[in-house]
Amino acid sequence: MRNRKVINSVLAIMIAFIMGGLMVLLSGDSPLETYSVLLKGSFGSLNALKNTIRYSIPVVLLAYSFSVCNQCGYFNISHESQMYSASLAIVMVSELTQGWPSWLRLILMMAAACMASIAACMIPAAAKFGLGVSEVVVGVMMNYLMAYLTKHMIAFSFIAQPGSSSIMSLPVSESVGAVSITVSTVVIILLYQFVMKKTIPGYRLSVVGRNPLFANASGLPSMRIMLSSAVVGGLLTGICAIGEMLGYYHIIYSDFAVDIGFNGMTAALLGAQNAIGMLLGSLLLGALKSGSVLLTVVTSVPAELVDCVKGFVMFFATVTFIRSDVWMRKGGK
Amino acid sequence: MDIVTILTVAVRHAGPVLLVAMGGLLASRVNIFNLALEGFMLIGAFSSIVGAFYTGNVWLGVLFGVLASTLMIIIYAVFIIELEVQPVVCAISIITLASGLTRYLLNPVFGVSGRYVLSSELAMPVVHMNWLEAIPVAGQILNNHSLLVYFALVLPFVLAFVINKTKYGLDIRAVGMNEEAAVSAGIHVRKVKYSALMINGILCGLGGAELALSVYMFNVGMTNGRGYTALAAITLAGCNPLLSLITCLLFGFAESLVVSLSGVGFSSYLLGMLPYALALVAAVAPQVARRCIHFIKRKKSETEMISEYYRN
């Protein structure tokens, strides 16, 4: 079972890269050169490796956020809106608490970011579990709404930076180091694995995920557990937003989360929602992102190739190339 | 800024959404909730611009858009019907792929990044009808649109006829209601599903072509959620073609309000939220209404039962 999933993901990635290579070939460049530059830009030097890890970390967190929600049947694709609301909360708190002690401000910012992200994650979940509306439509609408609201806030409200040529928010002075972000991400992942595998709440979650009707019949409050999976998903996205805002950006730019949007889901699908698989999937996406920087510098191939390859990876990751039912019959009992 | 202009622009904006919505309606009538409308529309828009650029003819461009979008939907159909991929996952990956492909291909094809504007000779021509001028307000609103917008306005009536009055429509309804019963009644379920999806693809291609060629340009992410909006419109209308016409016109009206009011000095960002907020409400409203009606009915029957009990 596990072997088949690994082969499946590897096949998906290979086909995606071949398709991407064909695209490059058709537009008159050399695919081999392109891929070697991508590889060099993502793993070729210590600096490149650092960048790869830096871009992988948000993807890992989003992949886990997607995976925990998906286990309970909630298709969490409103990551973009969660990122926007969390970062808006961070900048607002930072503006409102000018002059307070630094540690208090940091704690308040993080708490506000997590709360905002959880709230944004709960809206589609409530629509799905409460009303039976497709959470995808609601989630995507939330993404567009939050993107516009963010643009409005960073252009016309008290967090807008006056006198800048393009719209952006005021900077946040507090910051978190890259090392502590990496370490805390690893801790969060380990903690998550422990909770899911070894504790009662984790077990309940997986029971509800496997069969909500059975869980209901055996007396588990499945509605509450489903909603709490959405809370965990929102929390993980909030942590991702904290890392991005306080670690790297410090300023909200217009559309800064658009690039991140579906990455978490792609990594989760690629890793077949398995702990190590999702890590490797995120590493692939992070490597693509950090390699694309060198790609534009060295070759004439546009960086958008990476979007294209990402699309193909996701597309082929959905297919099970090796059908389980066929194997069952042949392996026969 | 008079109301007639706003309504004229509303009809123009409603055109592409209407075409795509009708496609989605047909798919959802055969039990396929086609979330990937957005992706097919984007592919249609991009390919129509490419086609018009290479052939120098608008209508060949439209044909190109339709072909590309149909090809894509055949792949989608094979994925979800033959390979049994989860439709939602497949739809999202189609949208990601469409956005990635158009983003990348813009560079090798046109040598630009972000957006490409064709020469204005390749704009979708508008049809001017003299006899419409005689009618005071409606004539003005309905005049001077492109052929595809008129097609979109007629389409709901055609679909209503096809679904309700023809043999093919009967097959579609049977498959949508109960697949197993349809099989036992001798209906070729697979064929019906494929054909409905093919028509969906053609309509998405037309919608994308109208969207791109009416302004003779393509920019990245041009569809801007219109595929989802179309889905929300048919959800609100309960998959009824004629009601969908009204809801799509409503979305067109919201979009035209955004265009006209932002010129007067409202915050364009807040106004930009209007169509999406409307779509959100449209997607949620039918379910809320159903719950409310259910609740009221239950209360009513309960009170009736109690009063009956005491009367005896």
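Note that the structure is a prediction, hence the values are computed from the model and not measured.

## Thoughts on the environment of Asn-178 of chain B
Residues and elements named next belong to chain B.
Thought 1: Residue placement: Asn-178 occurs in the loop between α7 (167-177) and α8 (179-184).
Thought 2: Residues Asn-178 and Val-30, 148 residues apart in the sequence, show an inter-C-alpha distance of 9.4 Å.
Thought 3: At 3.2 Å, the side chain of Asn-178 and the backbone nitrogen of Glu-180 are in polar contact.

## Examining the packing of helix α5 (residues 102-131) of chain A against helix α6 (residues 135-156) of chain A
Residue and element names in this part refer to chain A.
Thought 1: Closest axis-to-axis distance for the α5/α6 pair is 8 Å, and the angle between their directions is 150°. Between α5 and α6, the interaxial angle falls into the category roughly antiparallel. Crossing angle aside, the handedness with which α5 passes α6 is right-handed. Only Glu-135, Val-138, Gly-139 and Met-142 of α6 make contact with α5, whose side of the interface consists of Ala-120, Ile-123, Pro-124, Ala-127 and Lys-128.
Thought 2: Its residues assigned to classes, the contact of α5 with α6 comprises six nonpolar, one polar and two charged.

## Structural notes on the packing of aromatic side chains
Thought 1: A full pass over the atoms with the stated rule returns 19 aromatic pairs over all chains.
Thought 2: Here Phe-66 of chain A and Phe-75 of chain A contribute two aromatic rings whose centre-to-centre distance is 5.3 Å and whose plane-to-plane angle is 85°, an arrangement assigned as edge-to-face. Note on accessibility: Phe-66 of chain A and Phe-75 of chain A belong to one class, buried.
Thought 3: Site record: aromatic cluster; members linked through ring pairs are Phe-312, Phe-315 and Phe-316 of chain A together with Phe-79 of chain B.
Thought 4: In this arrangement the basic side chain of Lys-151 of chain A is found over the ring face of Tyr-148 of chain A, its NZ or CZ atom lying 5.2 Å from the centre.

## Notes on the interface of chain B and chain A
For interface size, the figure often reported is the accessible area lost on association.
Thought 1: Between chain B and chain A, the contact holds 44 residues from the first and 40 residues from the second.
Thought 2: Summing the contributions of chain B and of chain A, the shared interface buries around 3,900 Å²; its carbon and sulfur component is 81%.
Thought 3: Taken together, the elements giving at least two residues each to the side of chain B that touches chain A come down to α3 (58-82), α4 (87-110), α10 (226-236) and α12 (268-311) of chain B.
Thought 4: With 15 residues, α4 of chain B is the single largest residue contributor to the side of chain B that touches chain A.
Thought 5: Of the residues assigned to the side of chain B that touches chain A, the class counts are 28 nonpolar, eleven polar and five charged.

## Here we look at the domain arrangement of chain A
All names here are of chain A.
Thought 1: Each domain of chain A was delimited in the assignment, giving domain 1 (1-71 + 283-325) and domain 2 (78-261).
Thought 2: Taking only C-alpha atoms into account, the centre of domain 1 sits 25 Å from that of domain 2.
Thought 3: Each partner contributes to the interface: domain 1 provides 17 residues, whereas domain 2 provides 24 residues.
Thought 4: The largest per-residue losses of area from domain 1 upon contact with domain 2 belong to Leu-61, Leu-62 and Tyr-64, which jointly make up 34% of the total buried on that side.
Thought 5: Applying the counting rule to domain 1 against domain 2 returns one salt bridge.
Thought 6: One salt bridge connects Glu-244 with Arg-54, and the closest N-O pair in it is separated by 3.2 Å.
Thought 7: Summed over the shared surface of domain 1 and domain 2, the number is five residue pairs in polar contact (both at pLDDT 80 or more).
Thought 8: Elements with a minimum of two residues in the side of domain 1 that touches domain 2: α3 (46-71) and α13 (305-317).
Thought 9: Counting residues per element, the side of domain 1 that touches domain 2 draws most heavily on α3, which supplies 14 residues.
Thought 10: When grouped by side-chain class, the residues that make up the side of domain 1 that touches domain 2 number ten nonpolar, three polar and four charged.

## Concerning the packing of helix α2 (residues 31-43) of chain A against α3 of chain A
Residue and element names in this part refer to chain A.
Thought 1: Between α2 and α3, the least distance of the axes is 5 Å, while the angle of their chain directions is 85°. One finds that α2 runs roughly perpendicular with respect to α3. Contact residues: Lys-40, Gly-41, Ser-42 and Phe-43 in α2; Ala-48, Leu-49 and Thr-52 in α3.
Thought 2: When grouped by side-chain class, the residues that make up the contact of α2 with α3 number three nonpolar, three polar and one charged.

Scoring rules and cut-offs
Residues numbered from 1 in each chain as written. Chains lettered and ligands numbered in written order. Predicted model: local features only at pLDDT ≥ 70, side-chain atom pairs only at ≥ 80, totals over all residues. Heavy atoms only, no water. Helix = DSSP H or I, 4+ residues; strand = E, 2+ residues; numbered from the N terminus. Polar contact = N/O pair within 3.5 Å; in protein donor to acceptor, adjacent residues only side chain to side chain. Axes fitted to C-alpha atoms, helices over the stretch in contact; angles between N-to-C directions. Parallel < 35°, antiparallel > 145°, perpendicular 65-115°, else oblique. Left-handed = near helix turned anticlockwise from the far one by under 90°. Contact = heavy atoms within 4.5 Å. Nonpolar A, V, L, I, M, F, W, Y, C, P; charged D, E, K, R; others polar. Phe/Tyr/Trp six-rings, centres within 6.5 Å; stacked < 30°, edge-to-face > 60°. Buried < 20%, exposed > 50% of the residue type's maximum accessible area, 1.4 Å probe, protein only. Lys NZ or Arg CZ within 6 Å of the ring centre and 35° of its normal. Buried area = accessible area lost by both parts, 1.4 Å probe. Domains from an automatic or database assignment. Salt bridge = Lys/Arg side-chain N within 4 Å of Asp/Glu carboxyl O.

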